[in-house]
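Structural features, examined
Residue strings, one per chain:
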There are 2 protein chains.
Amino acid sequence: MTTTARLSLNQITTRGWSLPEAVRGCAEAGIPAIGLWRDKVAEVGAARAAGLVRAAGLSVSSLCRGGFLTATDPAARRAALADNLRAVEEAAELGTDTLVLVVGGLPEGDRDLPAARTRVADLLAELAPHAGDLGVRLAIEPLHPMFCADRAVVSTLGQALDLAELFPADQVGVVVDSYHVWWDPELGAQLARAGAGGRIAAYQVGDWTLPLPADALLGRGHVGDGCIDFRTLTDQVTAAGYTGWIEVEIFNQEVWETPGAETLRTLVERHTVHVVPAG
Amino acid sequence: MTTTARLSLNQITTRGWSLPEAVRGCAEAGIPAIGLWRDKVAEVGAARAAGLVRAAGLSVSSLCRGGFLTATDPAARRAALADNLRAVEEAAELGTDTLVLVVGGLPEGDRDLPAARTRVADLLAELAPHAGDLGVRLAIEPLHPMFCADRAVVSTLGQALDLAELFPADQVGVVVDSYHVWWDPELGAQLARAGAGGRIAAYQVGDWTLPLPADALLGRGHVGDGCIDFRTLTDQVTAAGYTGWIEVEIFNQEVWETPGAETLRTLVERHTVHVVPAG
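Everything numeric in this text was worked out from a predicted model, so none of it was measured.

1. Concerning the packing of aromatic side chains
Residues and elements named next belong to chain A. This structure, assessed with the given rule, holds 10 aromatic pairs over all chains. Ring plane angle 45° and centroid distance 5.9 Å describe the contact between Trp 182 and Trp 208, whose orientation is recorded as tilted. Of this pair, Trp 182 sits in the loop between helix H7 (178-181) and helix H8 (187-196) while Trp 208 sits in strand E8 (residues 207-208), placing them 26 residues apart in sequence. Across this residue pair, the class does not change: Trp 182 and Trp 208 are buried. Here a set of aromatic residues connected by ring pairs shows up, and it is made of Trp 37, Phe 251 and Trp 256.

2. Comments concerning the sheet that holds strand E5 (residues 137-140) of chain A
All names here are of chain A. On the basis of which strands lie adjacent, the closed barrel formed by eight strands has the order E1-E2-E3-E4-E5-E6-E7-E10 and parallel pairing. The sheet shows a mean angle of 30° between the axes of neighbouring strands, taken without regard to direction. Both strand E2 (residues 33-37) and strand E3 (residues 59-67) contribute to a ladder of five bridges, which runs parallel. When the bridges of E3 are listed, Ile 34 appears paired with Val 60.

3. Quick look at the relation of the copies chain A and chain B
Two copies of the chain are present, and they differ by a rotation about an axis and a shift along that axis. Aligned on chain B, chain A shows an RMSD of 0.0 Å; the corresponding rotation is 180° and the shift along the axis is 0.0 Å. The relationship between the two copies is best expressed as a two-fold rotation axis. Taking C-alpha positions as the reference, the residue of chain A nearest the rotation axis is Ala 214 of chain A, at 1.9 Å. With an isologous cut-off of 70% or more, the 100% of interface residues of chain A that recur at the interface of chain B puts this contact in the isologous class.

4. Side note on the interface of chain A and chain B
On the chain B side, the residues contacting the 30 residues of chain A number 30 residues. Roughly 2,300 Å² is buried in total at the junction of chain A and chain B, and carbon and sulfur atoms are behind 66% of that figure. At the junction of chain A and chain B, the tally comes to zero salt bridges. On inspection of chain A and its partner chain B, the count reaches eight residue pairs in polar contact (both at pLDDT 80 or more). In terms of residue class, the side of chain A that touches chain B is made up of 17 nonpolar, seven polar and six charged.

5. With respect to the packing of helix H8 (residues 187-196) of chain B against helix H9 (residues 230-239) of chain B
Residues and elements named next belong to chain B. Look at H8 against H9: their axes get within 8 Å of each other, and the N-to-C directions meet at 30°. Compared by their axis directions, H8 and H9 come out roughly parallel. On H9, the residues touching Leu 187, Gly 188 and Leu 191 of H8 are Leu 233, Gln 236 and Val 237. Looking at the contact of H8 with H9, its residues break down into four nonpolar, two polar and no charged.

6. Digging into unusual backbone geometry
For residues other than glycine, phi is negative in most cases, and the peptide bonds are mostly trans. The peptide bond linking Cys 64 of chain A to Arg 65 of chain A adopts the cis configuration, its omega dihedral lying at -5°. Looking along the chain, the bond that leaves Leu 210 of chain B and enters Pro 211 of chain B is cis, with omega of -5°. Turning to its location among the elements, Pro 211 of chain B is positioned in the loop between strand E8 (207-208) and strand E9 (220-221). The phi dihedral of Phe 68 of chain A falls on the positive side, at around 55°, and the residue is not glycine. Examined against the element boundaries, Phe 68 of chain A turns out to sit in the loop between E3 and helix H4 (74-94).

7. Focus: the environment of Pro 20 of chain B
All names here are of chain B. With respect to the element layout, Pro 20 can be found in helix H1 (residues 19-29). A residue is classified by how much of its surface remains accessible, and Pro 20, at 19% relative accessible area, is buried. Spatially, the C-alpha atom of Pro 20 lies 30 Å from that of Leu 127, the residues being 107 residues apart in sequence. Beyond its immediate sequence surroundings of up to four residues, Pro 20 is in contact with Val 44, Arg 48 and Leu 52.

8. Focus on the environment of Gly 221 of chain A
Residues and elements named next belong to chain A. Among the structural elements, Gly 221 can be located in strand E9 (residues 220-221). For the pair formed by Gly 221 and Ser 59, sequence separation is 162 residues and the distance between their alpha carbons is 25 Å. Setting aside residues up to four positions removed in sequence, Gly 221 forms contacts with Gly 206, Asp 207, Thr 209, Ile 250 and Asn 252.

9. Observations regarding helix H4 (residues 74-94) of chain B
The end-to-end C-alpha distance of H4 of chain B, which contains 21 residues, comes to 30 Å, matching closely the 30 Å that a straight helix rising 1.5 Å per residue would cover. By the burial criterion, the buried members of H4 of chain B are Arg 77, Ala 80, Leu 81, Asn 84, Ala 87, Val 88, Glu 90, Ala 91 and Leu 94 of chain B.

10. Some thoughts on the pattern of salt bridges
All names here are of chain B. Enumeration according to the criterion identifies 18 salt bridges over all chains in this entry. With a closest N to O distance of 3.1 Å, Glu 90 and Arg 38 form a salt bridge. Of the two residues, Glu 90 sits in helix H4 while Arg 38 sits in helix H2 (residues 38-44), which places them 52 residues apart along the sequence. The class of Glu 90 is buried, set by a relative accessible area of 19%.

11. Overview of the layout of surface pockets
Taking a probe equal in size to a water molecule and rolling it over the atoms shows the remaining empty space. Roughly 450 Å³ of internal volume is contained in the largest pocket. Within the residue set of the lining of the largest pocket, elements represented by two or more residues are helix H5 (113-133) and helix H6 (157-164) of chain A together with H8 and H9 of chain B. Residue composition of the lining of the largest pocket, grouped by class: 11 nonpolar, five polar and six charged.

12. Examining the sheet that holds strand E1 (residues 7-10) of chain B
Backbone hydrogen bonds are what pair the strands of a sheet, in a parallel or an antiparallel way. Residues and elements named next belong to chain B. Spatial ordering of the closed barrel is given by E1-E2-E3-E4-E5-E6-E7-E10, a layout of eight strands whose pairing is parallel. The sheet shows a mean angle of 30° between the axes of neighbouring strands, taken without regard to direction. Where strand E3 (residues 59-67) and strand E4 (residues 98-102) come together, four bridges link them in parallel fashion. Considered in E4, the bridge of Leu 63 is made with Leu 99.

13. Notes on empty space enclosed by the protein
Taken as a whole and assessed by the stated rule, the structure comprises four cavities of 30 Å³ or more. Considering only enclosed or pocket space, the largest cavity measures out at about 110 Å³ in volume. Contributing to the lining of the largest cavity are 13 residues, with Arg 65, Val 102, Leu 143, Arg 220 and Phe 251 of chain A lying nearest its centre. Elements represented by at least two residues in the lining of the largest cavity include exactly E3 and strand E4 (98-102) of chain A. Here the residues of the lining of the largest cavity are counted per class, giving seven nonpolar, one polar and five charged. Roughly 100 Å³ of volume is contained in the second largest cavity. Taken together, 14 residues line the second largest cavity, and the ones lying closest to its centre are Arg 65, Val 102, Leu 143, Arg 220 and Phe 251 of chain B. Breaking the lining of the second largest cavity down by element, the ones donating at least two residues are E3 and E4 of chain B.

Analysis parameters
Residues numbered from 1 in each chain as written. Chains lettered and ligands numbered in written order. Predicted model: local features only at pLDDT ≥ 70, side-chain atom pairs only at ≥ 80, totals over all residues. Heavy atoms only, no water. Phe/Tyr/Trp six-rings, centres within 6.5 Å; stacked < 30°, edge-to-face > 60°. Helix = DSSP H or I, 4+ residues; strand = E, 2+ residues; numbered from the N terminus. Buried < 20%, exposed > 50% of the residue type's maximum accessible area, 1.4 Å probe, protein only. Pairing = 2+ DSSP bridges. Axes fitted to C-alpha atoms, helices over the stretch in contact; angles between N-to-C directions. Least-squares fit on C-alpha atoms with pLDDT ≥ 70 in both. Contact = heavy atoms within 4.5 Å. Buried area = accessible area lost by both parts, 1.4 Å probe. Salt bridge = Lys/Arg side-chain N within 4 Å of Asp/Glu carboxyl O. Polar contact = N/O pair within 3.5 Å; in protein donor to acceptor, adjacent residues only side chain to side chain. Nonpolar A, V, L, I, M, F, W, Y, C, P; charged D, E, K, R; others polar. Parallel < 35°, antiparallel > 145°, perpendicular 65-115°, else oblique. Expected span 1.5 Å × (residues − 1). 1 Å grid on protein atoms, 1.4 Å probe; cavity = no way out; pocket = protein on both sides within 12 Å on 5 of 7 lines; lining within 4 Å. Points joined across faces, edges and corners; volume = space filled by probe spheres on them.

No statement about biological role is implied by the geometric values presented.
Now the structure itself:
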């Protein structure tokens, strides 16, 4: 097995590339998989996207993303449900078994966090059987607690597992994203729990770098540029039984302004040094 | 009991004021207590600071802050220990039983989070008996996980309690700061645990407002300006048996540029409306 055998490019990392460009870039860099984003898929259409990926010999590690399930307004909830059902269908059409969910934050002016979390569980209950029918697993991504108010009321791996375990393991799993979970003192125990239950649907990597940028969303660095111990984390994820794709997902303006081919060279190099060392 | 009977001004909230100005401001606003900062105390000397506070009829709710216990270099660790011992003595001299500790982040270039956490426990073991001897409790403050790398490797109330419970309850407690813990899905359970063990040493309030500012440290808003449900949180803290001061601690450039007397009027008003409603 080559050191890049499990490496995947999450498409946001090369945000300046269209889907055809990203697919070509992965093929040329020897990266065997890609995590697609719905907006980029929409630019070419799901059928053509699926064809391009297949023709290039790539696997689709995940589709990003569904979610945003916390609205209180009934019409907004119906719209969210419909959009997530479309996302499940797109995932199936693209040939991936993993739909990443960012569950959504507090509605504007709302302070009831427990109620928002309950609404997430309620919509998951409507979505999960449909996803299961299409062979797609809903992958709940706990986001870093600094995004609790505006993006995801699910903030820890333990909390994501509490939600996922309400449903069969083939319908709902969790995403382990280093950037979001690295600080968690319960991480080791929760990874073991996730592994024992067969709940790890995706492993994403990106580093925590300082200082945080003006836009907190864009603070992620290349693996190795920050303070996350990727060797230990990857060992824990591996010990939990996860053998799937390792997706590099970096939101960072500077990375986005770098030519894609150069970014992919960095990905391969960092992956080899910090995540899956040779021999 | 008036609605402000438990209200305290944490001195950082009126950062532009010297200690004598803050003491006078509290007395004039009918705020019965103040949480002091060491740099402001140092400007006038601990003895004079203690005298000023006493003469104004104020209580000292806490001293901010000791900590920064994560250095690896032996000389730096000895210096941290010595500085914290001085902080304990200052707290005793100022007449407060509570020294707030911000435990420190990862040393530059270091990625070993578990080891940093162990070093915190090791230095606490050296400090705790001395603090106990002087009637001062070390109050471990879990900071929001977005400060894990650079300020505090203790990120949740549960983790702070795990540390505190290594020591007698009169030597080591925890700080509950709304801004740092509001997102935590375990918060209710950990508050109950903290209360049952008599570990809540301080309750600080400040709101989570969006968007996060360029300097993430300065993102706190006045109570009521953000998305924290202070009524519910205060009920939980009260149900846990905490009857002590409620300190308002706000790091916010705009608040700092507001005249102190105006800030104190806002404190009293928000406290009455959102934290301890009349009647």
